[in-house]
Amino acid sequence: MTQRFLPYGRQALDEQDIAAVAEVLRGDWLTTGPTVDAFEIAFAAACGAEHAIACSNGTTALHLALAALDIGPGDVCVVPAITFMATANAARYCGADVVFADVDPETGLMTPETLDVALEVARLRGTVKAVLPVHLAGQCEDVAGLAQRAHAAGAVLVEDACHAVGSRHEGEPVGSCRHSVSACFSFHPVKTIAAGEGGAITTNDAALAERLRRLRSHGIERDPARMQRQAGEPWWHEMSELGWNYRLSDIQAALALSQLKRLDLFAARRQELAALYDDAFEPLAPRIQPLARTPDCEPCLHLYPVRIDFDAEGTTRTAVMDGLRERGIGSQVHYIPVPDQPYYLDLYGRQDLPGAQRYYARTLSLPLFVGMEDDDPLRVADGLRGVLGR
Ligand SMILES: *Cc1c(COP(=O)(O)O)cnc(C)c1O
């Protein structure tokens, strides 16, 4: 009998989620309305931030976050080489250049040291405006240290927290923006809470929050107090800068809000599963190593990456992934270094980022999702040991 296939990630929906969406469908608002407002309030509270601005996905969250800082041509953003390409693309949408920072080969994270090197390069390329740490797999690395370097270079920190919904850093939820101007989240189904598609930006800056809301909807201003033209014409609205339609719908917000109510449960379950994995892999060290953990961080792990020296094992990652698939186990690679994508190679040429290359060469993401059974981590560990042959 073949066992249930385990994808590397999937959403966890229940009947309450479905009922919440159905309720919106029976109401008057489908696009951005009261449910988006309710979600924004709940999400800001969950992150310990003053404002949350919901938007259509994590990519548009990043684009809005940079656009609202007036980042444009001649400016430079620093992005770690190991991330989903959207982090870098957001800077390009603004016309800014990207300088890629190397990462710690054991965690895949940009560190204050790798940021120092990147900032030297960035200063030669233009005005350094933003540094975007990516909380890969849900982990943070010395955000205060990164912020201090960014500030010294005249830049701010914008967190790509798309993996880190539910993670805590220095005892606070990620998204509290203690060291950053804003943090960007994704509610893609493979992330920790699902909206179908969805995103949000958290910030403690009221003026920035207002601008983000405007830019999310074409740059349109409806508040008479903030318009050039006097009120008295109830239809009047003004567009004084170019924005986009990056709105979240109430349908999506209903799902996100319902999921958010279970965030603590999701985080606890992900932690339990990660602990089961850690135990299962302990006897297999150092051939198979869980992701190295960072201090001061309680991650709500979005991924469960392991490190394997495929060459030393006399195999290839492709063969291992095929072998796992035959055993009903999905796996994935997060990520091909973004500077190696043809678009960025054409733009900036090949770069020497040995930490990113080493991380990439050895990483493999194993299944991690709330619906996994307690014995699944052991099944995956046994499967992986079987594939590696010993
Ligand atoms: C998923 C993700 C994004 C983009 O989010 P979408 O909602 O898919 O647009 C950006 N950065 C990182 C690190 C991500 O994992």
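This one's a predicted model, so the numbers in the text were calculated from it and none came from an experiment.

Rules of the game
Residues numbered from 1 in each chain as written. Predicted model: local features only at pLDDT ≥ 70, side-chain atom pairs only at ≥ 80, totals over all residues. Heavy atoms only, no water. Helix = DSSP H or I, 4+ residues; strand = E, 2+ residues; numbered from the N terminus. Rg over C-alpha atoms; globule rule 2.2 N^0.38 Å. Buried < 20%, exposed > 50% of the residue type's maximum accessible area, 1.4 Å probe, protein only. Contact = heavy atoms within 4.5 Å. Areas by Shrake-Rupley, 256 points an atom, 1.4 Å probe, with all protein chains shown as cover. Lys, Arg positive; Asp, Glu negative; His and termini not counted. Charge placed at Lys NZ, Arg CZ, Asp CG, Glu CD. Salt bridge = Lys/Arg side-chain N within 4 Å of Asp/Glu carboxyl O. Core = buried A, V, L, I, M, F, W, Y, C linked by side-chain atoms within 4.5 Å. Domains from an automatic or database assignment. Buried area = accessible area lost by both parts, 1.4 Å probe. Phe/Tyr/Trp six-rings, centres within 6.5 Å; stacked < 30°, edge-to-face > 60°. Lys NZ or Arg CZ within 6 Å of the ring centre and 35° of its normal. Pairing = 2+ DSSP bridges.

Engineer: Lay out the overall build of the protein chain with the relevant residues and their values.
Structural biologist: The secondary structure content of the protein chain amounts to 13 helices and 15 strands. Over its C-alpha trace the protein chain gives a radius of gyration of 22 Å, about what one expects of a compact globule, namely 21 Å for 390 residues. For the C-alpha atoms alone, the extent of the protein chain along its principal axes is close to 80 × 55 × 35 Å. Within the protein chain, the fraction of its 390 residues that count as buried is 55%. By sequence separation, contacts in the protein chain at least 24 residues apart represent 75% of the contacts at least 6 residues apart. For the protein chain, the accessible surface area stands at approximately 16600 Å², while carbon and sulfur atoms represent 52% of it. Distance from the positive charge centre (35 side chains) to the negative charge centre (52 side chains) of the protein chain: 3 Å.

Engineer: A description of the pattern of salt bridges should follow, citing residues and the corresponding values.
Structural biologist: Tallied over the full model, the rule gives 24 salt bridges. With its nearest N and O atoms 3.0 Å apart, the salt bridge here joins Arg 226 to Glu 210. Here the residue Arg 226 occupies a position in the loop between β10 (220-221) and β11 (238-239), and Glu 210 occupies one in helix α7 (residues 206-216), the gap between them amounting to 16 residues. Of the residues examined, Glu 210 reaches a relative accessible area of 33% and is grouped as partly exposed.

Engineer: Mind laying out the nonpolar core, listing which residues take part and the relevant values?
Structural biologist: Residues Phe 39, Phe 43, Val 78, Val 131, Phe 185 and Phe 187 are the most contacted members of the largest nonpolar core, which totals 47 residues. Summarising the domain contributions, this core has at least three residues from each of domain 1 (15-260) and domain 2 (263-388). Residues Leu 136, Ile 201, Tyr 246 and Tyr 344 belong to the second largest nonpolar core, which totals 45 residues.

Engineer: Summarise the domain arrangement of the protein chain; cite the residues concerned and give the values.
Structural biologist: Under the domain assignment used here, the protein chain contains domain 1 (15-260) and domain 2 (263-388). One C-alpha centre belongs to domain 1, the other to domain 2; they are set 26 Å apart. Summing both sides of the interface, domain 1 and domain 2 together bury roughly 3400 Å²; the carbon and sulfur share of this comes to 59%. It is Phe 100, Glu 106 and Gln 139 in domain 1 that bury the most area against domain 2; as a group they hold 19% of the surface buried on that side. At the boundary of domain 1 and domain 2, one finds 2 salt bridges.

Engineer: An account of the packing of aromatic side chains is needed here, citing residue identities and associated values.
Structural biologist: One pass over the full model with this rule turns up 12 aromatic pairs. Pairing Phe 43 with Phe 185 gives two aromatic rings, centres 5.0 Å apart and planes at 80°, and the pair type is edge-to-face. On the criterion of sequence distance, the pair formed by Phe 43 in helix α2 (residues 34-47) and Phe 185 in strand β8 (residues 182-186) is long-range, its members being 142 residues apart. When sorted by exposure, Phe 43 lands in the same class as Phe 185, which is buried. Where Trp 244 meets Tyr 246, the ring centres are 5.5 Å apart and the plane angle is 5°; that geometry is what we call stacked. By relative accessible area, which is 26% here, Trp 244 ends up partly exposed. Using a relative accessible area of 15% as the deciding quantity, one classes Tyr 246 as buried. Through successive ring pairs, a cluster of aromatic residues spans Phe 39, Phe 43, Phe 185 and Phe 187. When the ring centre of Tyr 360 is taken as reference, the NZ or CZ atom of Arg 317 above it lies at 4.7 Å.

Engineer: Describe the sheet that holds strand β13 (residues 297-298), and please don't skip the residues or the numbers.
Structural biologist: Spatially, the 3 strands line up as an open sheet ordered β7-β6-β13, and their pairing is antiparallel. Pairing within the sheet leaves two strands with one partner each, and these edge strands are β7 (172-173) and β13. Pairing between strand β6 (residues 168-169) and β13: 2 bridges, direction antiparallel. Residue pairing in the sheet places Arg 168 in a bridge with Glu 298 of β13.

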